[in-house]
Amino acid sequence: MNAAPAAAPAHVRPAWGVVIGVMLTALLEVLDTTVVNVALPHMMGSFGATPDQITWMITAYLVSTAIVMPLTGYLVRRFGRRVTLFVGVVGFILTSAACGVSWSLHSMVAFRFLQGGFGAVLVPISQSILLDAFPREKRNQAMAIWGVAIMAGPIMGPVLGGLITEHWSWRWVFYINVPIGVIAIVLMLDEVGGTPPEKHVSTDWTGLALLSIALGAFQTLLDQGHTRDWFESGFIWTLAWVAGSAFVLFVVRALGREHNIVDIRLFADRNFAAGNLLMAGYGLAMYSTIVMWPLLAQDVLGYPADVAGWVLAPRGVVSAVMMIAIGTWLAPHVDNRWLIGAGLLISAYASSMMARLSLGADMFALIAPGLVFGFGMAAVFSQLSTVTFETIAPEKGADAAGLYNVMRTMGGSIGIAITSTLLVRREQVHWRYLGEHVSATNPRLYDWMAEADIALDEPNAPARLVKELFQHVQMGAFNDVFWTIAGIFICLAPCVLLLGHRRRAV
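Residues numbered from 1 in each chain as written. Predicted model: local features only at pLDDT ≥ 70, side-chain atom pairs only at ≥ 80, totals over all residues. Heavy atoms only, no water.

J.: Explain the overall build of the protein chain residue by residue, including any values.
T.: A tally of helices and strands in the protein chain yields 20 helices and zero strands. Looking at the protein chain as a whole, 56% of its 506 residues are labelled buried. Intrachain contacts of the protein chain at a sequence separation of at least 6 include 83% that bridge at least 24 residues. A total of about 21400 Å² of accessible surface is found on the protein chain, and carbon and sulfur atoms cover 68% of it. (Helix = DSSP H or I, 4+ residues; strand = E, 2+ residues; numbered from the N terminus. Buried < 20%, exposed > 50% of the residue type's maximum accessible area, 1.4 Å probe, protein only. Contact = heavy atoms within 4.5 Å. Areas by Shrake-Rupley, 256 points an atom, 1.4 Å probe, with all protein chains shown as cover.)

Here's what the structure looks like:
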């Protein structure tokens, strides 16, 4: 269903101040998914919480985001884009401040749930505003700009979180959102465009309830599964049953009705369906690297938390610069399927570079794969957004953006859950394998102890041996995880052929 140019006059093109403002709000929302992770140990001390308890703060944010994000199209149709955007921004600012003054874990979880709900609409609306702000032939540039903010958030999160908690207080992780949010509101006081709100919008409250239950249960399953040993837990089995049943009922109901809370018929569009599949897969692998990269630097190679966060910074800079360059100069002349495919293979190569690291790796050995990965991200992210929305009508932009971004979010959650579990299980495998060689009958053990200057009669010799062995176990497990991530990128590459061919602009 190709969008006709004649439909464009229904939209007022937003001013540049609005474009910058919505990008700031989108950056804040994405940033808050990772910026608090570094501050978790400090929060545990403030609230007297255990590691299992404090993770509910993250779960609450992700669950509410997953529930509200696909509803963006309905909210825009019902209340208009301007009202929905401003309510989302103001609500996000107020709940951020409330998180900063939280007095208990329960209050923090409640405020984080509200924060995620208000912030969920910001990313899809920012995408639809950028699509309106640029003419169709320059959507590559629009999605490049949007991609910079969406990619910068997760990468900046660990760095910013580490600096704030190290030099100020964990509460400023939330307070910092207030002045930036106010600046964004001032910039967005101009017209944000979009179609006027509809007076009568058919609402399927039953469908809304089913979708909310399905997404909420599934996100909770992903976030809590690792700490509860997955399907060894009755709680996880219950969540899986609830999520699966509610989703099936929602789809059956949606296909049998004319008006639904979420327009799943958009997936009948080939480009949109294939683009969402690729985005979910790319988010699965890409967000996994964002989590695993600093963990490797900190837990295995011994870098401090703030330094480990900076490992991702060069990758973000390269990605931002190349997104703009590709979107402006290269994409108008090249079939973007080739760019996306090349980006996936470059991402696979960067992951394989990480998979070949050893305990002797220096800081540049960690940064170099990130520089390569930045090129891959730039080639994939903005171009995939462009081709996915190429055949979506303007009046369906908010609905499509909501679904597209929830696929990205859920893909990232699935990836983090899978790789976190894989890391622990591969550690067990490597521990058993290497442990078999630690015996009094292995002459190489004595050779290694002599090289490491460990004497058998030292009181701390067993402890030093175990520490060294565990470092090798961790390194082997991280290598396996990055090989798996590289394999995911390679498996995604043929899926590019599912996308329709887009004619070159010139």
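J.: Tell me about the nonpolar core, and name the residues and values.
T.: Soluble, globular proteins show a tendency: their nonpolar side chains are buried together. Core analysis: the largest hydrophobic core is formed by 138 residues, its most contacted members being Met43, Trp146, Leu296, Leu344, Leu366, Leu384 and Phe482. Of all the elements, helix α13 (residues 270-300) adds the most residues to this core, at 14 residues. Residues within four places of Phe482 in sequence aside, it is in contact with Thr289, Met292, Trp293, Leu296, Ser351, Met354 and Ala355. By size, the runner-up hydrophobic cluster in this structure holds five residues, among which are Leu445, Met449, Ala461 and Leu465. (Core = buried A, V, L, I, M, F, W, Y, C linked by side-chain atoms within 4.5 Å.)

J.: Before we move on, can you summarise the packing of aromatic side chains with the specific residues and values?
T.: With the rule as written, the count across this model stands at 14 aromatic pairs. Geometrically, the ring pair formed by Phe272 and Phe389 is edge-to-face, given 6.2 Å between the ring centres and 75° between the ring planes. Of this pair, Phe272 sits in helix α13 while Phe389 sits in the loop between α17 (363-388) and α18 (397-435), placing them 117 residues apart in sequence. No difference in accessibility class separates Phe272 from Phe389, as the two residues are buried. Ring geometry for Tyr282 versus Phe489: centroids 5.3 Å apart, planes at 55°, classification tilted. Note that Tyr282 is positioned in helix α13 and Phe489 in helix α20 (residues 461-492), a separation of 207 residues in sequence. Given a relative accessible area of 0%, Phe489 falls into the buried group. Joined through ring pairs, the aromatic side chains of Tyr282, Trp293, Phe373, Phe482 and Phe489 make up one cluster. (Phe/Tyr/Trp six-rings, centres within 6.5 Å; stacked < 30°, edge-to-face > 60°.)

J.: Residues and numbers for the environment of Ala398, please.
T.: Structurally, Ala398 is set in helix α18. Exposure remark for Ala398: the relative accessible area of 14% places this residue in the buried category. Through-space distance from the C-alpha of Ala398 to that of Gln127 is 8.3 Å; in sequence the pair is 271 residues apart. Once residues within four sequence positions are removed from consideration, Ala398 is found in contact with Thr72, Gly73 and Val76.

J.: Got a sec to walk through the packing of helix α1 (residues 16-31) against helix α7 (residues 122-133)? Specific residues and values, please.
T.: One can describe the packing of α1 onto α7 by two numbers: an axis separation of 9 Å at closest approach and a directional angle of 150°. Here α1 is positioned roughly antiparallel relative to α7, judged by the angle of their axes. In the crossing of α1 with α7, the sense of the turn from one axis to the other is left-handed. Judged by residue contacts, Val18, Val19, Val22, Met23, Thr25, Ala26, Glu29 and Val30 of α1 engage Leu122, Val123, Ser126, Ile129, Leu130 and Ala133 from α7. When its residues are assigned to classes, the contact of α1 with α7 shows eleven nonpolar, two polar and one charged. (Axes fitted to C-alpha atoms, helices over the stretch in contact; angles between N-to-C directions. Parallel < 35°, antiparallel > 145°, perpendicular 65-115°, else oblique. Left-handed = near helix turned anticlockwise from the far one by under 90°. Nonpolar A, V, L, I, M, F, W, Y, C, P; charged D, E, K, R; others polar.)

J.: I'd like to hear about helix α12 (residues 234-255), residue by residue, with values.
T.: For α12, built from 22 residues, the straight-helix expectation of 32 Å at 1.5 Å per residue is met to within 8% by its first-to-last C-alpha distance of 32 Å. Among the residues of α12, those classed as buried are Ile236, Leu239, Ala243, Ala246, Phe250 and Ala254. Down the axis of α12, the smallest arc covering the buried residues is 105°, so these residues share one side. Turned more than 90 degrees away from the buried face of α12, the exposed residues are Trp237, Trp241, Val252 and Leu255. (Expected span 1.5 Å × (residues − 1). Arc of directions from axis to C-beta.)

J.: Which residues make up unusual backbone geometry, and what are the values?
T.: One non-glycine residue with positive phi stands out, namely Asp229, at about 60°. Turning to its location among the elements, Asp229 is positioned in the loop between α11 (205-225) and α12. Even without a glycine there, the phi angle at Trp230 is positive, about 50°. Following the sequence through the fold, Trp230 ends up in the loop between α11 and α12.

J.: If you had to explain the side chain of Thr419 to someone new, which residues and values would you point to?
T.: Relative to the helices and strands, Thr419 is located in helix α18. Given a relative accessible area of 3%, Thr419 falls into the buried group. In terms of polar contacts, Thr419 uses its side chain to reach the backbone carbonyl oxygen of Gly415, at 2.8 Å. Ignoring sequence-local partners within four residues, the contact set of Thr419 consists of Ser288, Met292, Val481 and Ile485. (Polar contact = N/O pair within 3.5 Å; in protein donor to acceptor, adjacent residues only side chain to side chain.)

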